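Structural features, examined
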Amino acid sequence: PSCGLGEFPREIFDLADTLEILNLNGNALRDLPDDLGRLHRLRILFGSENAFEHLPPSLGGCPRLEMVGFRNNRIDSLPAEALPPLLRWLILTGNRLRALPDAIGGCNLLQKLMLSGNRLAVLPEELAQCERLELLRIAANELPALPPWLLQMPRLAWLAFAGNPCAPLPKFPPQFLPEIDWSALVLEDKLGEGASGSIHRAFWHAGAEDEAESVAVKMFKDTMTSDGLPECELAACLASGNHANLIPLRGRLVNHPQGAQGLVMDLLRPGSRTLAGPPSFESCTRDVYPEGLRLEPEMALAIARGAASAAAHLHARGIHHGDLYAHNLHWHKNGDTLLGDFGAASFYAREDDTLASALEGIEARAFGCLLEELITHSEWITEHAAQCDVLEGLCRQCLLPDPRQRPRFIELAAALGGDRG
């Protein structure tokens, strides 16, 4: 990658019998050869950060191609011929698409579709035929409404739609959250980095005579992410308020020398860790857990209870998290569980009962997947059979094919012994 390529190197065809992953990111490519299908073992192809103005039709001739990533090009057309027969994962974030072909309905293996940062004002109804679709990113487009058929898709669990006309951001009063001046912070080591920004440990001098306090500072990038716009994430963080299962906010960063936006938060409790890693190429939509992880039954219940309680709190405020995954849950051996990462969060009209019920039903499926994983990675013994039965019962309800039949989070939290906190 990043070799300044203006043309596809024909030498790559010499690897046709073995090549499975091809990374062409960061070049100046505008097209791919018509005989690309000669790469008959190719499963994964990346062509991001190039100069493509259309998705190359020859992709459709690759018999084993499952994952296609063409972020941040100039793509304004997606020919039907460009859709490979085994497509599971399509990433077209940050392009210029105004339409998807009706033929996308024929991609019956499609699980993950990432279209944030385009110009889509409508989605083809044929997409409803993709009944295996689980993750959809359509943030920062021009959608005036979410189509009813989308809200009824049987396996959709992770949806981001912020930054569209159908999901306007709320307006916050100036003192909605205390302002913390950049000059009062001393950044230390980086604690982590995601698509929307980086998190640093920092010392905060709240006042002239106060001792410095250790906090975490999230610095937002100013670029489109696969989930959507950083300003939408910032708004969702602000609107989420305080809750026992959300990371407490201290204030909003002001007066950064480059005008960067940021939030000051509590540091996670020492010993806290994320429950799992994000999905891999192979797992596609499901998280990857540490090998050998076995949770005590009470811990599994505490994690489920905390996640359900946090989600109930968010939905009560008209916030759809959109990324309810184990890799966004921080847990501690004492049972504390915190839900983080609002990069895929979206606002919706809570008073619209039909919309609210559908969106909560979609998120309930994500929770069902989490319950399924917690059950798998826990040590269930005879005396905990009743608790396991509770989780399995809730899991079945959350995975029902009709989103309208799935439980609300306030019901899930109550069934697990929690509340909206």
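Residues numbered from 1 in each chain as written. Predicted model: local features only at pLDDT ≥ 70, side-chain atom pairs only at ≥ 80, totals over all residues. Heavy atoms only, no water.

**What to know about the overall build of the chain**
Let me state the cut-off plainly: Helix numbers and strand numbers start at the N terminus; a helix is a DSSP run of H or I with at least 4 residues, a strand a run of E with at least 2. Radius of gyration means the value over C-alpha atoms here, while the globule rule gives 2.2 Å times the residue count to the 0.38 power. Type-normalised accessible area, obtained with a 1.4 Å probe on protein chains alone, sets the label of each residue: buried when under 20%, exposed when over 50%, and partly exposed for intermediate values. In what follows, residue pairs with any heavy atoms lying within 4.5 Å of each other are defined as contacts.
Looking only at helices and strands, one finds five helices and 18 strands in the chain. Here the C-alpha radius of gyration of the chain, 22 Å, is about what a compact globule of 421 residues would show, namely 22 Å. The dimensions of the chain, computed from C-alpha atoms along their principal axes, are 65 × 55 × 45 Å. The burial tally for the chain puts 54% of its 421 residues in the buried class. For the chain, long-range pairs separated by at least 24 residues make up 53% of all intrachain contacts whose partners lie at least 6 apart in sequence.

**Some remarks on empty space enclosed by the protein**
Heads up, the condition is: A pocket here means an open set of points on a 1 Å grid, computed over the protein atoms alone, that has protein on both sides within 12 Å along at least five of seven lines. A cavity is instead a set of points where a 1.4 Å probe fits but cannot get out; residues with an atom within 4 Å of a point line either one. Grid points are joined across faces, edges and corners, and a volume is the space filled by probe spheres set on the points. Gly counts as polar in this scheme, as do all residues outside two lists: the nonpolar Ala, Val, Leu, Ile, Met, Phe, Trp, Tyr, Cys and Pro, and the charged Asp, Glu, Lys and Arg.
The tally for this structure, following the rule as stated, stands at two cavities of 30 Å³ or more. One number sums up the size of the largest cavity: a volume of about 40 Å³. Forming the boundary of the largest cavity are Arg43, Ile44, Glu66, Met67, Arg88, Trp89, Phe281 and Glu282. When the residues that make up the lining of the largest cavity are grouped by side-chain class, the tally is four nonpolar, no polar and four charged. Approximately 30 Å³ is the volume found for the second largest cavity. Every residue lining the second largest cavity is listed: Trp158, Arg286, Leu324, Tyr325, Ala326, Ala366, Cys369, Leu370 and Glu373. In terms of residue count, the dominant contributor to the lining of the second largest cavity is helix α3 (residues 353-376) (four residues).

**Re the sheet that holds strand β16 (residues 329-331)**
Formally: Whether two strands pair depends on DSSP finding at least two bridges between them. Axes, fitted as lines to C-alpha atoms, cover a helix only where it is in contact. Angles between the N-to-C directions of the axes lie from 0 to 180 degrees.
Taken in spatial order, the three strands line up as β14-β16-β17 in an open sheet, and their pairing is antiparallel. The open sheet is flanked by β14 (273-274) and β17 (337-339), the only strands paired with a single partner. Where β14 meets β16, two bridges bridge the pair, whose relative direction is antiparallel. Counted as the bridge partner of Arg273 is Trp331 from β16. Relative to β17, helix α2 (residues 297-316) is tilted by about 35°, and along the sheet it contacts β16 and β17.

**Structural notes on the pattern of salt bridges**
The line we're drawing: A pair is scored as a salt bridge if a Lys or Arg side-chain nitrogen falls within 4 Å of a carboxyl oxygen belonging to Asp or Glu.
The tally for this structure, following the rule as stated, stands at 23 salt bridges. Ionic pairing is found between Arg10 and Asp35, a salt bridge with its closest N-O pair at 2.8 Å. Of this pair, Arg10 sits in the segment before β1 (21-23) while Asp35 is found in the loop between β1 and β2 (44-46), placing the two residues 25 residues apart along the sequence. In this structure, Arg408 and Glu360 form a salt bridge, with 3.4 Å as the shortest nitrogen-oxygen distance. With Arg408 in the loop between α4 (385-398) and α5 (409-415) and Glu360 in helix α3, this pair connects stretches of sequence that are 48 residues apart. Here the salt bridges do not stand alone but share partners, grouping Glu20, Arg41, Arg43 and Glu282 into one network.

**Description of the packing of α3 against α4**
Helix-helix packing is described using two parameters, namely the angle between the two axes and the distance between the axes. So the rule is basically this: Left-handed describes a crossing in which the near helix is turned anticlockwise from the far one by less than a right angle; the clockwise case is right-handed.
Axis separation between α3 and α4 bottoms out at 8 Å; the angle between their running directions is 145°. In this structure, α3 crosses over α4, and the sense of that crossing is left-handed. Contacts from Ala364, Arg365, Phe367, Gly368, Leu371, Glu372 and Ile375 in α3 reach Leu391, Glu392, Leu394, Cys395 and Cys398 in α4. When its residues are assigned to classes, the contact of α3 with α4 shows eight nonpolar, one polar and three charged.

**Brief notes about the pairing of strand β10 (residues 197-204)**
As judged from the six bridges shared by strand β9 (residues 185-193) and β10, these two strands associate in the antiparallel manner. Across the sheet, residue Glu193 finds its bridge partner in β10, namely Ser198. Turn length for the β9-β10 hairpin, with the two strands adjacent in sequence and antiparallel, is three residues. Examined bridge by bridge, β10 and strand β11 (residues 213-220) share eight bridges and lie antiparallel to one another. In the strand pairing of β11, Phe203 is matched with Ser214.

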